[in-house]
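# Chains, contacts and geometry: an overview
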Amino acid sequence: MCNIRDNLRNAKRIVIKVGTSTLTYDTGKINFTRIDKLARVMSDLANQGKDVVLVSSGAIGVGVGKLKLKGKPKTVREKQAIAAVGQCELMHMYSKFFSDYGRIVGQILLTRDVVEDDIRRKNVINTFENLLERGIIPIVNENDSVAVEEIEFGDNDTLSAIVAQLVGADLLIILSDIDGFYNGDPKKNTGLKLISVIEQITPALEKYAGGPGTKRGTGGMATKLLAAKIATAAGVDMVISNGINPEVIMDIMEGKDVGTLFVSNKRSGSSGQ
Ligand code: GLU
């Protein structure tokens, strides 16, 4: 019988989202080993002829590390300033590691008003398409230095699903500090079960999602489930997996049973929520 994950091998356009907790240590300093592996695996996928887009958090987290601050900033104006520093550092890092594997990167910073306006959305889609045609790897983040409540996405899980929809991706992979979607919060309870495949997001599943995640990251399972709803409704398969070793991306692409696969409505036949 054909496994529902086998189809992931054929994904041509893939958006990969990494969270701050994957990119940095608890000290706030950058995890070079992971960024290096991520750059290697993504460059390898590009060499296979796939289109790859990275959605990366970390502007604020890396800014905190670079400026040697004690914790995450609290006010909007502090966040904006610190993100301005961290985003530069982050892109410098990505540019350096991807160039080791022969790839050029391009930065796209988004706010909600851009994707909600027809003309601006078309323009940004053109930017993605042109970068991808040139074999350049787009790296996306929220434009934290200008984003205020009215125009922000708020979290990069949601942003990554919107980007997957914008570029017409086949697959969205969210790398996090958790192995996948459980029937409860594994950080609070033991003996829970990782759900391998989810074909429909039911109210029971939403109850499992709980509240926000780690002190360095922003999301948690609730935002990942929201991302899954946006992605699957847009015809994009989505996998949540642990980013501790970014080589897991290759396992996912080979259809191995890792993390949790949310099957797109196009494939599951569900009409969504
Ligand atoms: N855009 C934020 C940053 O780069 C992260 C938001 C998130 O992790 O969800 O720091």
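Right above here is the structure, for reference.
These numbers were taken from a predicted model, which means no experiment stands behind them.

Between helix H3 (residues 59-66) and helix H4 (residues 76-100), the least distance of the axes is 7 Å, while the angle of their chain directions is 90°. Overall, the two elements H3 and H4 adopt an arrangement that is roughly perpendicular. Between H3 and H4, the contacting residues are Ala59, Ile60, Val62, Gly63, Val64 and Lys66 on the first element and Lys79, Ile82, Ala83, Val85, Gly86, Gln87, Glu89 and Leu90 on the second. Broken down by class, the residue content of the contact of H3 with H4 amounts to eight nonpolar, three polar and three charged.

On to the pattern of salt bridges. Scanning the model with the defined rule gives 14 salt bridges in all. Close ionic contact of Lys17 with Asp157 constitutes a salt bridge, the shortest N to O distance being 2.8 Å. Placement of the pair is Lys17 in strand E1 (residues 13-18) and Asp157 in helix H7 (residues 156-166), with a sequence separation of 140 residues. We classify Lys17 as buried; its relative accessible area is 6%.

The next point concerns H4. Counted at 1.5 Å a residue, the expected span for H4 with its 25 residues is 36 Å, and the 36 Å between its end C-alpha atoms agrees. Where H4 is concerned, the buried positions are Gln80, Ile82, Ala83, Gly86, Gln87, Glu89, Leu90, Met91, Met93, Tyr94, Phe97 and Phe98. Two residues or fewer past H4, Gly102 is found with a positive phi of approximately 75°.

Thresholds applied
- Residues numbered from 1 in each chain as written.
- Predicted model: local features only at pLDDT ≥ 70, side-chain atom pairs only at ≥ 80, totals over all residues.
- Heavy atoms only, no water.
- Axes fitted to C-alpha atoms, helices over the stretch in contact; angles between N-to-C directions.
- Helix = DSSP H or I, 4+ residues; strand = E, 2+ residues; numbered from the N terminus.
- Parallel < 35°, antiparallel > 145°, perpendicular 65-115°, else oblique.
- Contact = heavy atoms within 4.5 Å.
- Nonpolar A, V, L, I, M, F, W, Y, C, P; charged D, E, K, R; others polar.
- Salt bridge = Lys/Arg side-chain N within 4 Å of Asp/Glu carboxyl O.
- Buried < 20%, exposed > 50% of the residue type's maximum accessible area, 1.4 Å probe, protein only.
- Expected span 1.5 Å × (residues − 1).

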